[in-house]
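Overview (structure and organization)
Here's the letter readout for the chains.
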Amino acid sequence: MEFNVVETKSFSKLSKVEKIEWLSSKYTDENLEECLTKFWHANPADQKIFDEFSENTLTNFYLPFGIAPNVMINREMYDVPMVIEESSVVAAASNAAKFWSTRGGFHTEVISMTKVGQVHFLWQGKKEILENFIQEKKESFFQALSPLTANMQKRGGGVTSLELIDKTHDIENYYQLYATFETCDAMGANFINSCLEELANKLTLWVKEDSRFNESNNTVKIVMSILSNYTPDCLVRAWVSCSFDELDDVISGMPGREYAEKFRTAVEIAQCDVNRAVTHNKGIFNGIDAVVLATGNDFRAVEACGHAYAARSGQYRSLSSVRLGNDRFTFTLELPLALGTVGGLTSLHPLSKLTLKMLRNPDAKKLMEIVAAIGLAQNFGAIRSLTTTGIQRGHMKMHLMNILNSFAASEVEVMKAKAYFTDKVVSYKAVSELLKTMREHH
């Protein structure tokens, strides 16, 4: 297929209708325009909000918005919105929440909320000159940032530390200005990046003015100034705990102690085997991402940070752990979560605003706790299924509707298929054959 290069370059300048017409001229799909326009909001004002979230927007891509009801976190009940398309995720979180609601619920605590940013630069001179300069100018750097940090400081945040990092063992002449931040209820990306760029400007200016650098016939070369999405000190912990007797599993018939030991072994496997660890942690993020999306936060940053944290020992491992002792089972999740409840999509997306309202307008700290609890609930639900009935039994029951919809099943066919598969294994082939039989009989 050949594309007109001139038209492609000017694509962003076209109106939304013109963009769709442009696409229609390139593709032969007669339903393209109808498919795109039927998902527009009926209210143009609402659609305008969504159009401006991104660039070259053509339409809206819908995902299911559901809730995990009655999640007990630190003795408070929450109905937690979740945005996800994967079958059985919301059901698993809901079932885990119900299980633990009679066993004390989920317990959570935020350990710290520190975020990170770096000015990356090159310096060819003597390290001692640079070290002395940064130490002498540290207070001046903080003062230079005061116009940017004033409002954040009023809320209890701001720049909390600044240090020089020698990275010349990795890249020749490479150093960092490493800054830490407290951003209160904001995710803080724009705040952090603005501070870092100002630090870079001042570093460049003050080096030029300092005679020590002139004498060494050298200057600082800024490479880039950017926040890091790796925030290992923006940390939250969630856990559940109960006696062995409360873990008696009626489905498998295992007594609580035996089941606790089997559950621990499953988690230990994810601690030592990377193949299992990746799938194990993916299940945790099934729950975490769903709530992060619903609140308008950046799930990509959360995932990248979480996976890096899982590999902090040099081997990728489970983010959750199990402890058995004194006839008790304790299941814990600890991970970094940099989240915000003000700014960005949290205040623009109508469903994100509704989500935060349903969660009783939490601050960033409380949201970290809620998200971590859902991640732990998801992990518990997955391991419970894996170590008892197997994952596919519940998952394929939930997936049944997707298969039926792919065959355009009628309401009657759906009703009969649900009844038929009550005690049978769901598969694409089995559903296909059942529908074929029903339709031939009809």
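What comes next is a walk through the structure. (Residues numbered from 1 in each chain as written. Predicted model: local features only at pLDDT ≥ 70, side-chain atom pairs only at ≥ 80, totals over all residues. Heavy atoms only, no water.)

With respect to topology, 4 strands assemble into an open sheet ordered E3-E8-E10-E9, the strand pairing being antiparallel. Each end of this open sheet is capped by a strand with a single partner; those strands are strand E3 (107-113) and strand E9 (320-325). Across the sheet, the axes of successive neighbouring strands diverge by a mean angle of 20 degrees, strand direction being ignored. (Pairing = 2+ DSSP bridges. Helix = DSSP H or I, 4+ residues; strand = E, 2+ residues; numbered from the N terminus. Axes fitted to C-alpha atoms, helices over the stretch in contact; angles between N-to-C directions.)

A few words on the pattern of salt bridges. Working definition: two side chains of opposite charge can pair if their charged atoms are close together. Under the defined criterion, the tally for this structure stands at 17 salt bridges. Put simply, Arg237 and Glu334 hold a salt bridge, and the shortest N to O gap is 2.8 Å. Here Glu334 lies in strand E10 (residues 328-336) and Arg237 lies in strand E8 (residues 234-243), a separation of 97 residues in the sequence. The class for Arg237 is partly exposed, based on a relative accessible area of 24%. As a salt-bridge pair, Glu369 and Lys366 come within 3.6 Å of each other at their nearest N and O atoms. Of the two residues, Glu369 and Lys366 both sit in helix H14 (residues 364-386), 3 residues apart, roughly one turn of that helix. You can call Glu369 buried: its relative accessible area is 8%. Relative accessible area serves as the criterion here: at 24%, Lys366 is assigned to the partly exposed category. Put simply, Glu76, Arg360, Lys366 and Glu369 are held in one network by salt bridges that share partners. (Salt bridge = Lys/Arg side-chain N within 4 Å of Asp/Glu carboxyl O. Buried < 20%, exposed > 50% of the residue type's maximum accessible area, 1.4 Å probe, protein only.)

Turning our eyes to something else, we now look at unusual backbone geometry. The residue Arg75 is not glycine, and still its phi comes out positive at about 70 degrees. Considering the arrangement of structural elements, one finds Arg75 in the loop between strand E1 (65-73) and strand E2 (76-83). Taking relative accessible area as the criterion, Arg75 reaches 65% and is therefore assigned exposed. Phi at Asp327 is positive, roughly 60 degrees, even though this residue is not glycine. Inspection of the secondary structure assignment puts Asp327 in the loop between E9 and E10.

With that out of the way, let us pick up the packing of aromatic side chains. Taken as a whole and judged by the stated rule, the model has 16 aromatic pairs. Ring geometry for Tyr259 against Phe263: centres 6.0 Å apart, planes inclined by 65 degrees, an arrangement best described as edge-to-face. With a gap of 4 residues between them, Tyr259 and Phe263 both fall in helix H10 (residues 256-272), about one helical turn apart. Each member of the aromatic cluster is reached from another via a ring pair, and the members are Phe99, Trp100, Tyr259, Phe263, Phe329, Phe331 and Phe380. The positively charged end of Lys137 is found above the aromatic ring belonging to Trp206, 4.8 Å away from the centroid. (Phe/Tyr/Trp six-rings, centres within 6.5 Å; stacked < 30°, edge-to-face > 60°. Lys NZ or Arg CZ within 6 Å of the ring centre and 35° of its normal.)

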